[in-house]
Amino acid sequence: VCHVCFERIELPKNKYSAATVQATAAAPPPPLEAGQLVVLTGLARGGMNGTVGEVLAALGGDRWEVRVAAAGPDGGGPRRSVSVRSRNLAPKPIEAGERVRLHSIIRSDELNGMTGRVLSTGAGTGRLTVRLPGGRLVAVLPGNARAVSGDCRGEHPAPPGGA
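Residues numbered from 1 in each chain as written. Predicted model: local features only at pLDDT ≥ 70, side-chain atom pairs only at ≥ 80, totals over all residues. Heavy atoms only, no water.

Peer 1: Any chance you could break down the overall build of the chain for me, citing the residues and the numbers?
Peer 2: Along its length, the chain carries one helix and 10 strands. Reading the secondary structure of the chain in the N-to-C direction produces α-β-β-β-β-β-β-β-β-β-β. Buried positions account for 40% of the 163 residues belonging to the chain. At a minimum sequence separation of 6, the contacts of the chain that also span at least 24 residues come to 52%. (Helix = DSSP H or I, 4+ residues; strand = E, 2+ residues; numbered from the N terminus. Buried < 20%, exposed > 50% of the residue type's maximum accessible area, 1.4 Å probe, protein only. Contact = heavy atoms within 4.5 Å.)

Spelled out as structure tokens, the structure:
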């Protein structure tokens, strides 16, 4: 459910290869946050490696509660929550059409915490084109955006008190 407009959302059902996850995880990720989409990786029982999940909450120490679809090649089945160590979570690769939350932007720090929709992944420029609330377009480095859950109708400004 979107934390702002409370519209029900569905998690993506695709799985990612280890190479895609490693490429995405090359840069140190910012701290995890509730609602962030992640890919499970490096688990001893490999059946869930590559599965997309949504961070629900910190459980203490280095463990996080993550909502995932039941294991299966198509990602279908009932959703469930699992406890996962932070080292086994990589940011989900960002794709066109997804919602993202901007972070760690220095020159335009007023953008930090805002959510928007990715219009293109900018193969030539290396930047994401993101539409923000009100229609403003910004080009940001992939490292300054994280995929967040939600497929609600509207884009939302940063929550009070920051991201």
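Moving on, there is more to tell.
Peer 1: Tell me about the sheet that holds strand β6 (residues 99–102), and please be specific about residues and values.
Peer 2: The strand order β9-β8-β7-β6-β10 describes an open sheet built from five strands, whose pairing is antiparallel. Among the strands making up the open sheet, the edge pair consists of β9 (137–140) and β10 (145–147). Going from strand to strand, the sheet's axes swing by 45° on average, the running direction of each strand aside. Pairing analysis gives three bridges linking β6 to strand β7 (residues 115–120), with the strands arranged antiparallel. Counted as the bridge partner of Val-100 is Gly-116 from β7. (Pairing = 2+ DSSP bridges. Axes fitted to C-alpha atoms, helices over the stretch in contact; angles between N-to-C directions.)

Peer 1: Any chance you could break down the environment of Arg-79 for me, citing the residues and the numbers?
Peer 2: Relative to the helices and strands, Arg-79 is located in strand β4 (residues 79–85). Through-space distance from the C-alpha of Arg-79 to that of Ala-69 is 4.2 Å; in sequence the pair is 10 residues apart.

Peer 1: I'd like to hear about the pattern of salt bridges, residue by residue, with values.
Peer 2: Once the charged atoms of two side chains with opposite charge are near each other, the side chains can pair. Throughout the structure, instances matching the rule amount to four salt bridges. In this structure, the salt-bridge partner of Arg-101 is Glu-33, at a minimum N-O distance of 3.0 Å. Of this pair, Arg-101 sits in strand β6 while Glu-33 is found in the loop between α1 (18–24) and β1 (37–40), placing the two residues 68 residues apart along the sequence. Grouping residues by exposure puts Arg-101 and Glu-33 together as buried. The residue Arg-146 makes a salt bridge to Glu-33 at a minimum N-O spacing of 2.8 Å. In this pair, Arg-146 is assigned in strand β10 and Glu-33 in the loop between α1 and β1, connecting sequence segments 113 residues apart. Each of Glu-33, Arg-101 and Arg-146 takes part in salt bridges that share partners, so that together they form one network. (Salt bridge = Lys/Arg side-chain N within 4 Å of Asp/Glu carboxyl O.)

Peer 1: So, the side chain of Glu-33: which residues are in play, and what are the values?
Peer 2: In this structure Glu-33 comes out as buried when scored by relative accessible area, which is 11%. Here the side chain of Glu-33 touches Arg-146 through a polar contact of 2.8 Å, side chain to side chain. (Polar contact = N/O pair within 3.5 Å; in protein donor to acceptor, adjacent residues only side chain to side chain.)

Peer 1: Account for the pairing of strand β2 (residues 52–60), with residues named and values stated.
Peer 2: Relative to β2, β1 runs antiparallel, the two being bridged by three bridges. Counted as the bridge partner of Val-38 is Gly-53 from β2. Pairing analysis gives six bridges linking β2 to strand β3 (residues 63–69), with the strands arranged antiparallel. If you follow Gly-60 over to β3, its bridge partner there is Arg-63. Connecting β2 to the antiparallel partner β3 that follows it, the hairpin turn spans two residues, and Gly-61 within it adopts a positive phi of roughly 65°.

Peer 1: I'd like to hear about unusual backbone geometry, residue by residue, with values.
Peer 2: Phi is positive for Ser-104, close to 60°, though the residue is something other than glycine. Within the fold, Ser-104 resides in the loop between β6 and β7.

Peer 1: Run through the confidence of the model for the chain, naming residues and quoting values.
Peer 2: When pLDDT is averaged along the chain, the result is 75; 67% of the residues meet or exceed 70. Overall, residues 151–156 carries pLDDT values under 50, and its contacts beyond four positions in sequence, including any with other chains, amount to 24 contacts. Predicted confidence is poor over residues 159–163, with pLDDT under 50, and the contacts of this stretch with residues over four places away or in other chains come to five contacts. (pLDDT = per-residue confidence, 0-100.)

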